[in-house]
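Structural overview for review
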Amino acid sequence: MRKPIVAGNWKMHKTREQARQLVYETRTDLLAIEAVESVFCPPFTALEAVAELVAGTPIGVGAQNLHWEEQGAFTGEISAEMLADVCAYVIIGHSERRAMFGETDETVRKKMRAALAAGLIPIVCVGETYDENQGGKTGEVVTRQVRAAFDGLSAAEASGVVVAYEPVWAIGTGLAAEPEGANAIIRDTIRAPIAGMFSSEQADRVRVQYGGSVKPVNAGDFFSQPDIDGALVGGASLKAADFIAIVRAAAG
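The following refers to the structure shown. What you see is a predicted model, and the numbers here were worked out from it, not measured in a lab.

**So, the packing of helix α11 (residues 216-223) against helix α12 (residues 240-251)**
Following both chains from N to C, one finds α11 and α12 inclined at 20°, their axes separated by 9 Å at the closest point. In terms of orientation, α11 lies roughly parallel with respect to α12. The handedness of the crossing between α11 and α12 comes out as right-handed. From α11, Pro216, Ala219, Gly220 and Phe223 reach across to α12, where they touch Asp242, Ala245, Ile246, Ala249 and Ala250. Here the residues of the contact of α11 with α12 sort into seven nonpolar, one polar and one charged.

**Structural notes on the packing of aromatic side chains**
Per the stated rule, a full pass over the model turns up five aromatic pairs. Both rings, one in Tyr165 and one in Tyr210, keep their centres 6.2 Å apart while their planes meet at 55°; by these two values the pair is tilted. With Tyr165 in strand β6 (residues 162-165) and Tyr210 in strand β7 (residues 207-211), the pair connects residues that are 45 residues apart, well separated along the chain. Comparing Tyr165 with Tyr210 shows no difference in burial state: the two are buried. A centroid spacing of 4.2 Å and a plane angle of 10° characterise the contact between Tyr210 and Phe222, whose relative ring orientation is stacked. Placement of the pair is Tyr210 in strand β7 and Phe222 in helix α11, with a sequence separation of 12 residues. One exposure class covers both Tyr210 and Phe222, and it is buried. Linked through ring pairs, Trp10, Phe40 and Phe243 together constitute an aromatic cluster.

**Thoughts on the pattern of salt bridges**
All chains considered together, the criterion is met by 14 salt bridges. Put simply, Arg109 and Glu106 hold a salt bridge, and the shortest N to O gap is 2.8 Å. On the criterion of helical spacing, the pair formed by Arg109 and Glu106 is a turn pair, its members being three residues apart in helix α5 (residues 105-117). Judged by its relative accessible area of 38%, Glu106 is partly exposed. Residues participating in the shared-partner salt-bridge network are Arg2, Arg191, Asp204, Asp227 and Asp229.

**With respect to a negative patch on the surface**
Taken together, the side chains of Glu69, Glu70, Glu81 and Asp85 present a region of like negative charge at the surface. Within the secondary structure, Glu69 is located in the loop between β3 (60-63) and α3 (80-84). With a relative accessible area of 37%, Glu69 lands in the partly exposed category.

**Looking at α5**
Its 13 residues give α5 an end-to-end C-alpha distance of 18 Å, which sits within 8% of 18 Å, the value for a rise of 1.5 Å per residue. Inspection of α5 places Asp105, Thr107, Val108, Arg109, Lys111, Met112, Ala114, Ala115 and Leu116 among the buried residues, and these make up the whole buried set. Buried-residue contacts for α5 involve α3, β4 (89-92), α4 (95-100), β5 (121-126), α7 (138-150) and α8 (155-159). The positive-phi residue at the C-terminal boundary of α5 is Gly119, with phi of around 85°.

What counts, and where the lines are drawn
Residues numbered from 1 in each chain as written. Predicted model: local features only at pLDDT ≥ 70, side-chain atom pairs only at ≥ 80, totals over all residues. Heavy atoms only, no water. Axes fitted to C-alpha atoms, helices over the stretch in contact; angles between N-to-C directions. Helix = DSSP H or I, 4+ residues; strand = E, 2+ residues; numbered from the N terminus. Parallel < 35°, antiparallel > 145°, perpendicular 65-115°, else oblique. Left-handed = near helix turned anticlockwise from the far one by under 90°. Contact = heavy atoms within 4.5 Å. Nonpolar A, V, L, I, M, F, W, Y, C, P; charged D, E, K, R; others polar. Phe/Tyr/Trp six-rings, centres within 6.5 Å; stacked < 30°, edge-to-face > 60°. Buried < 20%, exposed > 50% of the residue type's maximum accessible area, 1.4 Å probe, protein only. Salt bridge = Lys/Arg side-chain N within 4 Å of Asp/Glu carboxyl O. Patch = residues over 30% accessible without salt bridge, like charges linked within 9 Å, V, L, I, M, F, W, Y side chains within 5 Å. Areas by Shrake-Rupley, 256 points an atom, 1.4 Å probe, with all protein chains shown as cover. Lys, Arg positive; Asp, Glu negative; His and termini not counted. Charge placed at Lys NZ, Arg CZ, Asp CG, Glu CD. Expected span 1.5 Å × (residues − 1).

Structural measurements only, silent on function.
Rendered as structure tokens:
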């Protein structure tokens, strides 16, 4: 049985003090929901503040990006080793990074290796655009992204990766995939390629989230699907009551 994982991607929101306030407003309720793994992913500037408030608890903390090099002349970047000092998770290959900052399948693969080498747990994002979806290319695109991300990993490394299926057209638009359709995509274009690269048992161990306009009103429908193990939550994770409700829905 895979333990559900719900991660809040705060994107470019929250100062250090605002981040602390959101943790204060959610921490007690989240700790009471033991059946679900909760993760906060604040901006870099708030990582340490958030980590201090959840230290010693099961609540996880994750970064939103990293560079694949250990160090060097990469102004504005941050390495996996630096992040490992303050957090356990890192989001890799989010569609906003791919679309606006030039992320490619190759850079995602490099970042995956760097994260795992530093002991971080990657939350690797995959998903198709609206045009790709309407053009019948969802399977092709998502399968390619999955294979690139897992390329070169050992079976042990692969089993610890979290995958977030985020159809690009559903992120921040208010639109969401149909739960049954999202489950089919996860089964056929995420778990199936992983099974082909490793084994069916290995594919079954990988936790796969759904992301894209997840809200309290629809979260339960996604979590009722057999291949969806949680959510990567954007806007709703910035509201304490909404994030708590989504985590509760994941608990069943």
